[in-house]
Structure formats: structure tokens, C-alpha cells
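Descriptive structure summary
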Amino acid sequence: MKIEVFFTLPQVGEETIREDTAVVVIDVLRATTSICHALAAGCDKMIPVGDLGQVTAFVESLGRGNCLIGGERDGKKISGFDFGNSPAEYTPEAVAGSDIIFLTTNGSRIISRFKNAPCVLIASLANLQRVVDFLADHKGNVVICCAGSKDQFCLEDSVCAGLLVERLLRSAENIELNDAARVGLVLAGSYSGDLLTCFRECSHGQTLIRAGFESDLELCAAVDTLDVLPFYSKERITLQPEVELPLDPPSGELDGDAADAAST
Ligand code: MLT
């Protein structure tokens, strides 16, 4: 199995996504953690979008009474939205049975860029082991895409990616790593003993603390707290993939839509 880590989306080349590729998206502070909490709380599906125009389009097609809207700009809830981007907001009372359109600065936008990829998983520290268990049986290559911040490197996503790689190395054999995956391993080794301090010190963690979201850092730094494996397919994130997953050996590189999945 080849595992490639990319610290930002623009680093993911078009040739990287093939029929047998499992893509893993990480925005541990906070989008992918919030997605895991929402689905664990009984949300039916989340629809990640890249901009407000897409929010409007989905609201018009679903009907405002039939969906909720969550997300942030500059970390804060957007006017008219039902939720911000704090994982703690996504409780069973608030979200059970709902469809949530989800817009965040980086995480939802990056996920939505993989809409043509054959298999896309949503990872955070909260569901790390579920992602590892799935990938340990995966027969193709693995692309771990960190959301980063506005296409720049982010420490917290890279540490989470490194922890994922570290566990995969213990769970599967014959793993080939790219150099970024090796860097992730080094970062994971440095910070795994105190993830909360890492999150408090990193740039986005500092921004969240200044904005009054310090308690979110604890939820986002908690490892293996949720038994969920969210998949993104057909523009929706659910706990049940709506497409057949590519567990068979590779049959070659894709042409057409799937090959465009990583294009920016
Ligand atoms: C994002 O998608 O950029 C983040 O999840 C921002 C945040 O912490 O709200």
C-alpha cells in the first residue's frame, strides 16, 4: 500500500487520484471533528460546500424547512446559520435526523473538491481508529489530504495525519510512504504526548482561543472518542457510502471525472 500525505490541497496532483485511491481529508480544528460529532449525534447527512452561493443553491433545492445550515467565517457562526463550527453544538437534540449544509473556510471547501474521487473518508482525532481499521483492509493507495489554512501548512492537521500514518504502519504490511508522510510521523512523535498543548500553541488554535473557542480545542484533541466512519460521496457525507468502494486491486489510472478530483 502506498500512503501519501499532502499538507495542502494544491499539492495533490491530478495523477494522484486513481480508481483504487482512498482519500482521507483532515481538518481537525475544527471542520472534520464537527462533522464526526454531527454524524455521531444522529445527523442524517452533511453537505459540504465551498462558498455561500452553494449554500443558497442547496437551500433552494432542499427547502429551508428541510435542512439546517452550519459553518463559520473567521471561526464565528455566519449570520442566518443554525450552527457555527464548534463540535459541541452538534448534539443529538439539535441534529438528529437532519440534513446539514456545511460551509467552513477550509474543511468543507477541501472536501467538496473531492466530489469526483471514488472513495473519500473524513478523519479527525475523534474517529482515528475507525479510519485506520477501514484503511488497513484497503487494497489500493491512500491519499491523506490536510485541509491546512488557506492552502498553507497547518501543524494540527499534519500531526493528525502523522498519527494516522503511525497507526497504519502498525496495522498493515508493505507500506510505502512519501516524504510528507515521514514528516508527519516525526511531528506525531513530537506532539502525541500532549496534543492539547500542540493545539493550544499552533496558529489556528491561538486564533480560536482569541475568538473564545478554547473549549473546542479539548474536544478536537480527544482521540478515539467517536465510533463513526463518515464517507463523502454524491456530494453528501454520511455513515453509509452511497457508492461501491474501490477495494479491488488497481486497474490503472482514471481518465475523466475522477482524475479531476484533485484539480484545483
Ligand atoms: C476551517 O474549515 O477552516 C476550520 O474548520 C475553521 C474553524 O476552526 O472554524
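Scope of this entry: the structure provided in the associated data block.

1. Some thoughts on the packing of aromatic side chains
Counted by the stated rule, this structure contains 4 aromatic pairs. Residues Phe7 and Phe153 carry aromatic rings whose centres are separated by 5.1 Å and whose planes lie at 80° to one another, so their mutual orientation is edge-to-face. Pair noted here: Phe7 is in the loop between strand 1 (2–6) and strand 2 (22–26) and Phe153 is in the loop between strand 8 (142–146) and helix 6 (155–171), with a separation of 146 residues, a long-range link. Here Phe134 and Phe231 contribute two aromatic rings whose centre-to-centre distance is 5.4 Å and whose plane-to-plane angle is 80°, an arrangement assigned as edge-to-face. With a gap of 97 residues between them, Phe134 in helix 5 (residues 128–136) and Phe231 in strand 10 (residues 231–233) connect regions that are remote in the sequence. We classify Phe134 as buried; its relative accessible area is 14%. Owing to a relative accessible area of 6%, Phe231 belongs among the buried residues under this scheme. Taken together, the ring pairs in this structure connect Phe83, Tyr90 and Phe102 into an aromatic cluster. The positively charged end of Arg30 is found above the aromatic ring belonging to Phe213, 4.5 Å away from the centroid.

Conventions used here
Residues numbered from 1 in each chain as written. Predicted model: local features only at pLDDT ≥ 70, side-chain atom pairs only at ≥ 80, totals over all residues. Heavy atoms only, no water. Phe/Tyr/Trp six-rings, centres within 6.5 Å; stacked < 30°, edge-to-face > 60°. Helix = DSSP H or I, 4+ residues; strand = E, 2+ residues; numbered from the N terminus. Buried < 20%, exposed > 50% of the residue type's maximum accessible area, 1.4 Å probe, protein only. Lys NZ or Arg CZ within 6 Å of the ring centre and 35° of its normal.

Taken by themselves, the reported measurements are silent on function.
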